[in-house]
Amino acid sequence: MEKCSQCDADVEVGKRLCEHCRMMMLKKTEATWKRQIRFYTVLMVIGVVILSFAVPEMRSSSGEPSRELYVVSAMGGLCLMGGFFGLALALFFSLWHGKSKN
């Protein structure tokens, strides 16, 4: 018999964690992915809101839009695209780690 690396309980040969510690680790991992999914969704919404104000302002401005408006619209685009990428990555890992291996 081997010992669990977390709580020193007896485990089967070839395993590092007992069943209780394994389930606790899976729950902690699941909470991490949910928190990241929520964060990236909020980031995408912020990007959409910023772009919804900046793009019409750029179109309605006569002549050359100000440099600040370019910076704000670039930040909105970065929030939107970065949020989308992070959300896709968090969803991928959430699905990958969500399947428990018995």
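As the structure is a prediction and not an experimental result, all values here were calculated from the model.

## Observations concerning the overall build of the protein chain
Helix and strand counts for the protein chain stand at 2 helices and 2 strands. Starting at the N terminus and walking to the C terminus, you meet the elements of the protein chain as β-β-α-α. The C-alpha atoms of the protein chain give a radius of gyration of 23 Å, which is well past the 13 Å a tight globule of 102 residues would have. If one aligns the C-alpha atoms of the protein chain with their principal axes, the spans along those axes are about 80 × 20 × 15 Å. Counting all 102 residues of the protein chain, 18% fall into the buried class. Counted over contacts in the protein chain with a minimum sequence separation of 6, partners at least 24 positions apart contribute 48%. Here the protein chain has roughly 8,000 Å² of accessible surface; of this, 65% comes from carbon and sulfur atoms. One way to put it: in the protein chain the 13 positive side-chain charges average out to a point 4 Å from where the 9 negative ones average out.

## With respect to the side chain of serine 73
As for its position among the elements, serine 73 is in helix H2 (residues 67–98). When sequence neighbours within four positions are dropped, the list of residues in contact with serine 73 reads Leu51, Ala54 and Met58.

## A word on the confidence of the model for the protein chain
The share of residues in the protein chain with pLDDT of 70 or more is 94%, and the mean pLDDT across the chain is 85. Confidence, expressed as mean pLDDT per element, reaches its minimum in the protein chain at strand S2 (residues 10–11) with 77 and its maximum at H2 with 92.

## Side note on the packing of aromatic side chains
In this structure the tally under the stated criterion is 5 aromatic pairs. Judged by centre distance (5.2 Å) and plane angle (65°), the ring pair of phenylalanine 92 and phenylalanine 93 falls under edge-to-face. Owing to a relative accessible area of 24%, phenylalanine 93 belongs among the partly exposed residues under this scheme. An aromatic cluster of three or more residues is present, and its members are Trp33, Phe92, Phe93 and Trp96.

## Topic: a nonpolar patch on the surface
On the surface, a nonpolar cluster with roughly 300 Å² of combined accessible area is contributed by Val45, Val49 and Phe53. Its location among the elements puts valine 49 in helix H1 (residues 19–60). For valine 49, a relative accessible area of 38% puts it in the partly exposed group.

Rules of the game
Residues numbered from 1 in each chain as written. Predicted model: local features only at pLDDT ≥ 70, side-chain atom pairs only at ≥ 80, totals over all residues. Heavy atoms only, no water. Helix = DSSP H or I, 4+ residues; strand = E, 2+ residues; numbered from the N terminus. Rg over C-alpha atoms; globule rule 2.2 N^0.38 Å. Buried < 20%, exposed > 50% of the residue type's maximum accessible area, 1.4 Å probe, protein only. Contact = heavy atoms within 4.5 Å. Areas by Shrake-Rupley, 256 points an atom, 1.4 Å probe, with all protein chains shown as cover. Lys, Arg positive; Asp, Glu negative; His and termini not counted. Charge placed at Lys NZ, Arg CZ, Asp CG, Glu CD. pLDDT = per-residue confidence, 0-100. Phe/Tyr/Trp six-rings, centres within 6.5 Å; stacked < 30°, edge-to-face > 60°. Patch = residues over 30% accessible without salt bridge, like charges linked within 9 Å, V, L, I, M, F, W, Y side chains within 5 Å. Salt bridge = Lys/Arg side-chain N within 4 Å of Asp/Glu carboxyl O.

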